[in-house]
Amino acid sequence: RKEVEQDPGPFNVPEGATVAFNCTYSNSASQSFFWYRQDCRKEPKLLMSVYSSGNEDGRFTAQLNRASQYISLLIRDSKLSDSATYLCVVNRGAAGNKLTFGGGTRVLVKP
Amino acid sequence: DGGITQSPKYLFRKEGQNVTLSCEQNLNHDAMYWYRQDPGQGLRLIYYSQIVNDFQKGDIAEGYSVSREKKESFPLTVTSAQKNPTAFYLCASSMDTRNQPQLFGDGTRLSIL
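Computed from a prediction, not measured in an experiment: that's the story for all the values here.

S.K.: So what exactly am I meant to see when it comes to the packing of aromatic side chains here?
M.R.: Geometry of an aromatic ring pair is reported as the spacing of the ring centres plus the angle between the planes. Applying the stated criterion to the full structure yields 13 aromatic pairs over all chains. Between the aromatic rings of Tyr36(A) and Phe101(A), the centroid separation amounts to 5.9 Å while the plane-to-plane angle is 55 degrees, which identifies the pairing as tilted. Placement of Tyr36(A) in strand 4 (residues 33-38) and of Phe101(A) in strand 10 (residues 99-101) is noted, with a sequence separation of 65 residues between them. Given a relative accessible area of 7%, Phe101(A) falls into the buried group. Consider the rings of Tyr35(B) and Phe104(B), whose centres lie 5.7 Å apart with planes at 45 degrees: the pair is tilted. Here Tyr35(B) is found in strand 4 (residues 31-37), whereas its partner Phe104(B) is found in strand 10 (residues 103-104), with 69 residues between them in sequence. The two residues Tyr35(B) and Phe104(B) agree in class, both being buried. One aromatic cluster is present, formed by Phe34(A), Tyr36(A), Phe101(A), Tyr33(B), Tyr35(B) and Phe104(B) through successive ring pairs. For the cation-ring pair, Arg68(B) lies above Phe74(B), with the distance from its terminal atom to the ring centre recorded as 6.0 Å. Between the NZ or CZ atom of Arg109(B) and the centre of the ring of Phe88(B), over which it lies, the distance is 4.0 Å.

Encoded structure:
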């Protein structure tokens, strides 16, 4: 089993719609979780950290379920500019700050 | 502006040649990292450094070497022992405390001639 698993998609989303997708992780010692966004042939950019109580940043909402070991990302009112690959990132729980990256979920927002 | 600068943007390697990728940050971050990304794949950790003059192997260190002589610099050498070097190489840095996100440079694309 991969340490961090994501549905690769693509999720084809009409502009203005809501899309949500999950990521599962296998290391129960993981303590920090992030969503990054990566555009084609560009570097990953931090979208948001994921907190235990869930958190929202504008149109983006992230949730963490420690019992089932998954995190989720919901995008409301999708914009064309939201088209990207969304990377689920989990720390390894050991000393230091090593992260494990999922393979990404591709989202395509269409007019 | 604070950030991470990688150079060059594109690099071509001949057979048997070592090449060095540059990574510089002015964020005063303690920790720096090198990742490799292959098409359609996630990032894989090559090497990381939590402090000057110290570094550790990541998951795929074979065929690579690094140095950390200055806090702001963490160059990566792709040696001739790395038989499949074609990839997108990404440098990142973070505050060296757990639970900190990593910030990335804009990457170097390496290809074999």
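The rest of the description comes next.
S.K.: Please clarify how the confidence of the model for chain A should be interpreted in this entry.
M.R.: Note: predicted coordinates in regions of low pLDDT should not be interpreted at a detailed level. Looking at chain A as a whole, its pLDDT mean stands at 94, while 98% of the residues score no less than 70. For chain A, per-element mean pLDDT is lowest for strand 10 of chain A, which scores 93, and highest for strand 11 (residues 105-110) of chain A, which scores 98.

S.K.: Can you help me understand the pairing of strand 11 (residues 108-112) of chain B in this one?
M.R.: For a regular strand, the rule is simple: side chains alternate between the two faces of the sheet. All names here are of chain B. Here strand 2 (residues 10-13) runs beside strand 11; their pairing, made up of 4 bridges, is parallel. The residue bridging Arg13 from the neighbouring strand is Ile112, located in strand 11. Sheet analysis places strand 9 (residues 87-94) next to strand 11, joined by 3 bridges and oriented antiparallel. Along strand 11, the bridge assignment pairs Tyr89 with Thr108.

S.K.: Explain the sheet that holds strand 3 (residues 19-25) of chain B to me, please; I cannot follow it from the model alone.
M.R.: Remark on secondary structure: sheet strands pair via backbone hydrogen bonds, oriented parallel or antiparallel. Residues and elements named next belong to chain B. Here we have 4 strands laid out as an open sheet, ordered 1-3-8-7, and antiparallel in their pairing. Edge strands, defined here as strands with exactly one partner in the open sheet, are strand 1 (4-7) and strand 7 (64-66). When the angles between neighbouring strand axes are averaged without regard to direction, this sheet yields 20 degrees. Bridging between strand 7 and strand 8 (residues 76-78) involves 3 bridges; their strand directions are antiparallel. Considered in strand 8, the bridge of Ser65 is made with Thr77.

S.K.: Help me understand the sheet that holds strand 8 (residues 70-75) of chain A in this model?
M.R.: Residue and element names in this part refer to chain A. Ordered by their spatial adjacency, 5 strands build an open sheet running 1-3-8-7-6, and the pairing between neighbours is antiparallel. Of all strands in the sheet, those bounded by a partner on one side alone are strand 1 (4-6) and strand 6 (55-57). The mean angle between the axes of side-by-side strands here comes to 20 degrees, regardless of whether they run parallel or antiparallel. Examined bridge by bridge, strand 3 (residues 19-25) and strand 8 share 6 bridges and lie antiparallel to one another. Residue Thr24 lies in a different strand from strand 8, and its bridge partner there is Tyr70.

S.K.: Honestly, the nonpolar core in this entry has me stumped. Any pointers?
M.R.: Side chains of a nonpolar character, in soluble globular proteins, are inclined to be buried together. All names here are of chain A. Grouped together as the largest cluster of nonpolar side chains are 23 residues, with contacts concentrated most on Phe21, Trp35, Ile71, Leu73 and Tyr86. Mapped onto this core, the elements with two or more residues apiece are strand 3, strand 4, strand 5 (44-50), strand 7 (60-65), strand 8, strand 9 (84-91) and strand 11. If we skip the residues at most four places from it in the chain, Leu73 touches Val19, Ala20, Phe21, Trp35, Leu47, Met48, Phe60, Thr61 and Tyr86.

S.K.: Would you explain a nonpolar patch on the surface in this entry?
M.R.: A surface patch of nonpolar side chains, about 380 Å² in accessible area, is lined by Tyr10(B), Phe12(B) and Leu113(B). The topology assignment puts Leu113(B) in the segment after strand 11.

S.K.: Quick question: what am I supposed to make of the state of the cysteines here?
M.R.: The bond known as a disulfide is covalent and runs between the sulfur atoms of two cysteines. In the structure shown here, the tally under the stated rule is 2 disulfides over all chains. The partner cysteine of Cys23(A) in its disulfide is Cys88(A), sulfur to sulfur 1.9 Å. Between Cys23(A) and Cys88(A), the S-S dihedral sits near -65 degrees, and the bridge is therefore left-handed. Here the residue Cys23(A) occupies a position in strand 3, and Cys88(A) occupies one in strand 9, the gap between them amounting to 65 residues. Take Cys23(A): its relative accessible area is 0%, and that puts it in the buried class. Each sulfur in the disulfide pair Cys23(B) and Cys91(B) lies 1.9 Å from the other. Between Cys23(B) and Cys91(B) the disulfide shows an S-S torsion of about -75 degrees. By sign, it is left-handed.

Parameters at a glance
Per chain, residue numbering runs from 1 following the sequence as it is written. Following the order in which they are written, the chains are lettered starting with A and the ligands numbered starting with 1. With the structure being a predicted model, the display of local features is reserved for residues of pLDDT at least 70 and the display and counting of side-chain atom pairs for 80 or more, all residues being used for whole-chain, interface and lining totals. Side-chain calculation: all heavy atoms of the structure are included, whereas hydrogens and water are not. Note on aromatic pairs: the rings of Phe, Tyr and Trp (six-membered ring only in Trp) are paired at centre separations within 6.5 Å, and the planes decide the class, stacked below 30 degrees, edge-to-face beyond 60, tilted for the rest. What counts as a helix is a DSSP run of H or I of at least four residues, what counts as a strand is a run of E of at least two, and both are numbered from the N terminus. Accessibility here uses a 1.4 Å probe with only protein chains present; expressed as a share of the type maximum, an area under 20% marks a residue as buried, one over 50% as exposed, and anything in between as partly exposed. We call a charge positioned over a ring when the NZ of a Lys or the CZ of an Arg lies within 6 Å of the ring centre and within 35 degrees of the ring normal. pLDDT measures how confident the predictor is about each residue, on a scale from 0 to 100. At least two DSSP bridges between two strands are needed for those strands to be called paired. Geometry is summarised by axes, namely lines fitted to C-alpha atoms with helices restricted to the contacting stretch, and by angles between N-to-C directions that run from 0 to 180 degrees. What we call a nonpolar core is a set of buried Ala, Val, Leu, Ile, Met, Phe, Trp, Tyr and Cys residues that are connected through their side-chain atoms within 4.5 Å. Any two residues having at least one pair of non-hydrogen atoms within 4.5 Å are treated as being in contact. Each patch is built from residues lacking any salt bridge and having more than 30% relative accessible area; the joining distance is 9 Å for like charges and 5 Å for nonpolar side chains (Val, Leu, Ile, Met, Phe, Trp, Tyr). Note on areas: Shrake-Rupley, 1.4 Å probe, and residue coverage restricted to the protein chains presented here. Here, a salt bridge means any side-chain nitrogen of Lys or Arg that lies within 4 Å of a carboxyl oxygen of Asp or Glu. Defined by distance alone, a disulfide is two cysteine sulfur atoms within 2.5 Å.

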